[in-house]
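Okay, here's what each chain looks like letter by letter:
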Amino acid sequence: QQQSSLYAVTDPITLLGEDYVAELEAAGAAFDYNTLKPQTTNYLSTKKSTSSSRVQFHGITTTSSKTKRKPTNIAVTSRPRRISTMPGYASQTKNQQSVDRQVKRVEDTTGRDFSALRTTKAIQNRKSKNGEAMYQKSASVPDSLVQFARELHREERITPSQELELGRRTQEAIRLQSLYDQLETSLAREPTDHEWCAAAGKINMEAIRRAIEDGMEAKNKLVTSNLRMVQGVVNVYIRNGMGGQYNAGDMMQEGIMALIRAAEKFEPQRGFRFSTYAMYWIRSAVKRSQTYQSRVITVPQRLHANHKKVKLSQRQLQQALGRPPTNKELADAAGMSTLQLERCFKAMEQKCYSLDQQLTNRNRPGMDKSQDSLYDIVEAKTDDGDVTTISRVFLREDLIESLYRSLDRESAHIIMLRYGLVEPHILPRGYEGPLTIAQVSQLVSMKPDKVRRRIMKSLKELKFSIGNEWKDFERAVE
């Protein structure tokens, strides 16, 4: 049965709980927190080792098909086995061994028995509480993921023999469906029940239907019993301080979809455990989700990989040459063309700005920020046509109604003439659009200075009553 650690043990408090550690320290235990450093997680351990120091992986045999090794009586050394986040590795970390030694020393000194706190149930309860506390502290974990984490741990794990049986049943259902698709392609029509049964080697359609349903149930069981693997991978990102701009729930969802895909493609006859095969699907899917969430503008994952490779080559060339490398040198070192290099830099240098961001005059840094925003100066590159026209008509009608509500009738007429709110067919011949102060004075039979003072007075009144409506109107008509 696979053993996947849900929450990594990094210190005595995480392993035993604050109350337990406090009780042990009060009894005389001395934990050296400087030596109990968190273990660095290593997903892909590719270091080759000899037979005497080989990491024991439960569920996979290392014997070849040509020669089989006979069991030998070799003394097992006391050196701890390597630890990895890959499910299937079963070994104690140095932290856990150190804590066990401290607990044993306290038991020998005080004569008290702490075995009840080291039972499997007690350890699982502490891990569960610590995990929920980690979820509560992380800004990237939604409440739905906390509830989902509780539910997935109610699913029972499966043994290696059950895993093989579920994999065979799943592959049988997929084989039958693939066989139907192949017949449909080769015959250029939907195959009959007799043709499908003959090709599948089944007696009748009832046998095919049962095999497919049984395979789907086996796939679902294979997925639900291994959901802890997905959570374990997502917990690595949460534990490393994933920020609030990420959504751990989305990463969990992508990992589950990858787990489903791995269950469909798993071939148990190859001799590997399902956790070994599915973990690579899960890691790649979760990493891809984290990469997509890291930017507002989505950049393909291959560009992220190329950018990392280019940055590494750039640092190496700069150390070797003693100067910044040219694009040609950098492209040759990274194994790409100059055009691909420029496209990579251009894609990764994209930035996003808010249209509501207030503008600042860099030439006058001591001045306060102006009231203008990017929305005020950015012109629309497309015109919505009828939608824009109708919105302007409604905005104009609302503005005229607000003018008559806030000003007297004569002042409202002057403002409408000055800013072109009057219908063109109402104005005399030769007058159209926004009128000058001289034209307005001729129509209302007032001196230009008096018209100017009336307009200034009216605008001050409108600034406090309908200032926002007036600003929106000026923005719409520009």
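Keep in mind that what you see is a predicted model, and the values were worked out from it rather than measured. (Residues numbered from 1 in each chain as written. Predicted model: local features only at pLDDT ≥ 70, side-chain atom pairs only at ≥ 80, totals over all residues. Heavy atoms only, no water.)

Caption draft 1: Structural context of the pattern of salt bridges. Taken as a whole, this structure holds 18 salt bridges when the rule is applied. A salt bridge links R209 to E213; the shortest N-O distance between them is 2.9 Å. Within this pair, R209 and its partner E213 are both found in helix α8 (residues 205-224), separated by four residues, close to a single helical turn. Through salt bridges with shared partners, a single ionic network connects E206, R209, R210 and E213. (Salt bridge = Lys/Arg side-chain N within 4 Å of Asp/Glu carboxyl O. Helix = DSSP H or I, 4+ residues; strand = E, 2+ residues; numbered from the N terminus.)

Caption draft 2: Structural view of the environment of R168. Within the secondary structure, R168 is located in helix α6 (residues 160-187). Taking the relative accessible area as the measure of exposure, R168 reaches 46% and is therefore partly exposed. Remark: the alpha-carbon pair of R168 and G215, spanning 47 residues in sequence, is separated by 8.3 Å. At 3.1 Å, the side chain of R168 and the side chain of E165 are in polar contact. (Buried < 20%, exposed > 50% of the residue type's maximum accessible area, 1.4 Å probe, protein only. Polar contact = N/O pair within 3.5 Å; in protein donor to acceptor, adjacent residues only side chain to side chain.)

Caption draft 3: Up close: the packing of α6 against helix α10 (residues 248-265). It is at 8 Å that the axes of α6 and α10 come closest, and there the two elements cross at 80°. With respect to α10, the axis of α6 lies roughly perpendicular. Along its contact with α6, which presents T170, Q171 and I174, the element α10 presents A263, E264 and K265. Residue classes in the contact of α6 with α10 are distributed as two nonpolar, two polar and two charged. (Axes fitted to C-alpha atoms, helices over the stretch in contact; angles between N-to-C directions. Parallel < 35°, antiparallel > 145°, perpendicular 65-115°, else oblique. Contact = heavy atoms within 4.5 Å. Nonpolar A, V, L, I, M, F, W, Y, C, P; charged D, E, K, R; others polar.)

Caption draft 4: Layout of the environment of S138. With respect to the helices and strands, S138 occurs in the loop between α4 (120-137) and α5 (143-152). Residue S138 is classed as buried on the basis of its relative accessible area, which comes to 13%. If sequence neighbours within four positions are ignored, S138 has contacts with I238 and M242.

Caption draft 5: Structural view of α10. The terminal C-alpha atoms of α10 lie 26 Å apart, and with 18 residues this matches the ideal 26 Å at 1.5 Å per residue to within 8%. All buried positions along α10 are accounted for by A248, G249, M251, M252, G255, I256, A258, L259, A262 and A263. Among the structural elements, α5, α6, α8, α9 (227-239) and α11 (274-293) are those in contact with the buried residues of α10. The residue sitting at the N-terminus of α10 and contributing the capping side-chain oxygen is N247; that oxygen lies 2.8 Å from the backbone nitrogen of G249. (Expected span 1.5 Å × (residues − 1).)

Caption draft 6: Here's a closer look at the side chain of Q293. In this structure, Q293 sits in helix α11. Filtering out sequence-adjacent residues up to four positions away, Q293 remains in contact with Q245, Y246, N247, D250 and M251.

Caption draft 7: Representation of the side chain of S458 within the structure. The residue S458 is located in helix α19 (residues 448-465) in this model. Taking the relative accessible area as the measure of exposure, S458 reaches 2% and is therefore buried. Of the polar contacts made by the side chain of S458, one reaches the backbone oxygen of R454; its length is 2.8 Å. Dropping the residues within four chain positions of it, S458 is found in contact with L407, S411 and I415.

Caption draft 8: Spotlight on the packing of helix α17 (residues 409-418) against helix α18 (residues 437-444). One way to put it is that α17 packs onto α18 with a least axis distance of 10 Å and a crossing angle of 140°. When the axis of α17 is compared with that of α18, the two are oblique. Where α17 crosses over α18, the handedness of that crossing is right-handed. Of the residues in α18, those in contact with I414, L417 and R418 of α17 are I437, V440, L443 and V444. Taken together, the residues of the contact of α17 with α18 break down into six nonpolar, no polar and one charged. (Left-handed = near helix turned anticlockwise from the far one by under 90°.)

Caption draft 9: Quick look at the nonpolar core. I238, L259, F274 and I282 are the most contacted members of the largest nonpolar core, which totals 34 residues. Once you skip the residues sitting within four places of it in the chain, L259 turns out to touch V223, N226, L227, M229, V230, F274, A278 and I282. Core analysis: the next-biggest nonpolar cluster, separate from the first, contains 20 residues, L417, Y431, V440 and I466 among them. (Core = buried A, V, L, I, M, F, W, Y, C linked by side-chain atoms within 4.5 Å.)

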